[in-house]
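Coordinate inspection notes
What follows is the residue order along each chain.
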Amino acid sequence: MQALVLEQAHSITLRDIDMPLVVGPRDVKIKIHTVGICGSDVHYFKHGKIGSFAVEAPMVLGHEASGVVAEVGAEVTHLQVGDRVCMEPGVPQFDSPATMRGLYNLDPAVRFWATPPIHGCLTPYVVHPASFTFKLPDNVSFGEGAIVEPLAIGLQAAKKAAIKPGDVAVVIGAGTIGAMNALAALAGGCSRVILADLVPEKLALFAANPAVTTVNIRQANLLDTVRELTDGWGADIVFEASGSMRAYDNIIDLLCPNGCLVLVGMPPENVPFDIVAIQAKEVRIESVFRYANIFPRAIALLASGKIDVKPFISRTFGFADGVQAFEEAAQGHPRDVKIQIELA
């Protein structure tokens, strides 16, 4: 079966590879339709590793996916052949302490698509646990279904922030995760999101949203904007979604007293924190690692129209052009937020 395989850093091929396709009693076999290229996929492509996760053997890429159920296990009752679905890519041990506490995303043994040494889903068929496979409503497209995964990260961040109706939030970073974070913050009850980035093309995607104030940090001072829009009080929540170390310079100044800082992006190195500034404001700090029990909420928000992700799907490539799709994604074109690959 063909797949897009990362052989090593800077080398992706479209070739045959053996993939296990045995359907267990609680599994489903899925014909993959659409897969989004994630920043982590690109990072593995460019560098061959992320932290301690290193590509030491050929690995199939991709973890943001939608498709059609092609076969169901004997004990599966909530899905049937022909159902349009999206899949949560991280599968924990179902009896681990983390899973039993409802924190399955924190299970150290979680098997996550396209995280070495686990193969991803950029291949025509995959077998996946039915409990981590979710039916798509008729009005949610395959492209939207494949963007549920990054949207879930934004919703996890909004949940961790404990948003109160009317809160003002700052989102630092307008890439895929930052964009999804901004949409999630508004859906969660924020009255305004102040979205900061240095790429005007990404900020322009929010130009028609009256609840979003965009700040090009090359041209304007984010702190001044926050103070102006909050009468000097500060934002209730700051979501750091860029992963930039520079984002932490005076980040506490953006917050109001007793505000919440949510760490979403992952900086490449340790960053300093002004503990006294944090204490003086009694700032609450939350962190996000993927998501848990969020996919059904993300799908419901897409189906209701409360969240619209279609403007953030930038370009779509065919499976045969998958290598080119990754090369384009690695270029980081300003106009691109989410590049997807269609297999069907």
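Look up a bit, the structure's there.
Below is a summary of the structure that appears in this document. Computed from a predicted model, the values in this text were never measured in an experiment. Within every chain, residues take consecutive numbers counted from 1 along the sequence as written. With pLDDT at 70 or above as the cut-off, local features in this predicted model cover only qualifying residues; side-chain atom pairs require 80 or more to be listed or tallied, and sums for whole chains, interfaces and linings still use all residues. In computing side-chain properties, one takes all heavy atoms of the structure into account and sets aside hydrogens as well as water.

**So, the overall build of the protein chain**
Here a helix means four or more residues in a row that DSSP labels H or I, a strand means two or more in a row labelled E, and each is numbered from the N terminus. Looking only at helices and strands, the protein chain has 10 helices and 20 strands in total. Taking 20 Å as the expected radius of gyration for a compact globule of 344 residues, we find that the protein chain reaches 20 Å, a close match to that expectation. Projected onto the principal axes, the alpha-carbon positions of the protein chain cover approximately 60 × 40 × 40 Å. Within the protein chain, buried positions represent 53% of all 344 residues. Any two residues whose heavy atoms approach within 4.5 Å are treated as being in contact. Sequence-distant contacts, at least 24 apart, represent 70% of the contacts inside the protein chain between residues at least 6 apart. Taken over C-alpha atoms, the radius of gyration is set against a globule rule of 2.2 Å times the number of residues to the power 0.38. Burial status follows relative accessibility: with a 1.4 Å probe on protein chains alone, a residue under 20% of its type maximum counts as buried, one over 50% as exposed, and anything between as partly exposed.

**Comments concerning the sheet that holds strand β18 (residues 284–287)**
Any two strands with at least two DSSP bridges between them are considered paired. With parallel pairing, the 6 strands of this open sheet are ordered in space as β15-β14-β13-β16-β17-β18. Single-partner strands in this sheet number two, and they are β15 (212–216) and β18. With strand direction ignored, the average angle separating the axes of adjacent strands in the sheet is 20 degrees. Pairing between strand β13 (residues 168–172) and strand β16 (residues 235–240): 4 bridges, direction parallel. Each residue of the ladder has a partner; that of A169, found in β16, is I237. Where helices are involved, their axes are fitted lines through C-alpha atoms of the stretch in contact, as for all axes, and angles between N-to-C directions lie from 0 to 180°. Set on the sheet, helix α5 (residues 176–187) makes contact with β13, β14 (192–197), β15 and β16; between it and β14 the angle comes to about 170 degrees. Of the strands in this sheet, β13, β14, β15 and β16 are in contact with helix α7 (residues 222–229), which crosses β14 at around 170 degrees.

**Digging into the packing of helix α4 (residues 148–161) against helix α9 (residues 295–304)**
Running from amino to carboxyl end, α4 crosses α9 at an angle of 105 degrees, the nearest separation of the two axes being 9 Å. Here α4 is positioned roughly perpendicular relative to α9, judged by the angle of their axes. Mapping the contact onto sequence places V148, E149, L151, A152 and L155 in α4 and F295, R297, A298, I299, L301 and L302 in α9. Under this grouping Gly is polar, as are all residues other than the nonpolar Ala, Val, Leu, Ile, Met, Phe, Trp, Tyr, Cys and Pro and the charged Asp, Glu, Lys and Arg. Tallied by class, the residues present in the contact of α4 with α9 amount to 9 nonpolar, no polar and 2 charged. Angles below 35 degrees are treated as roughly parallel, those above 145 as roughly antiparallel, those between 65 and 115 as roughly perpendicular, and all remaining angles as oblique.

**A short note on the side chain of Q156**
Summarising the element assignment, Q156 is placed in helix α4. Q156 gets classed as buried once you look at its relative accessible area, which sits at 8%. Polar contacts, as used here, are pairs of N or O atoms within 3.5 Å; protein pairs need one atom able to donate a hydrogen and one able to accept it. Residues neighboring in sequence count only if both atoms are side-chain atoms. Within the structure, the side chain of Q156 is placed 3.4 Å from the backbone nitrogen of A292, a separation counted as a polar contact. Every residue in contact with Q156, bar those within four places of it in the chain, is listed here: N105, V288, R290, Y291, A292 and I294.

**Quick look at the packing of helix α1 (residues 39–47) against helix α10 (residues 322–331)**
In contact at an axis separation of 10 Å, α1 and α10 are set at 90 degrees when each is read in the N-to-C sense. Classified by the interaxial angle, the pair formed by α1 and α10 is roughly perpendicular. Taking contact as the criterion, the partners of D41, V42, F45 and K46 in α1 are, on α10, F326, E327, A329 and A330.

**Concerning the environment of M59**
Of note, M59 is situated in strand β6 (residues 59–60). Taking C-alpha positions, M59 is 10.0 Å from Y44, a pair spaced 15 residues apart along the chain.

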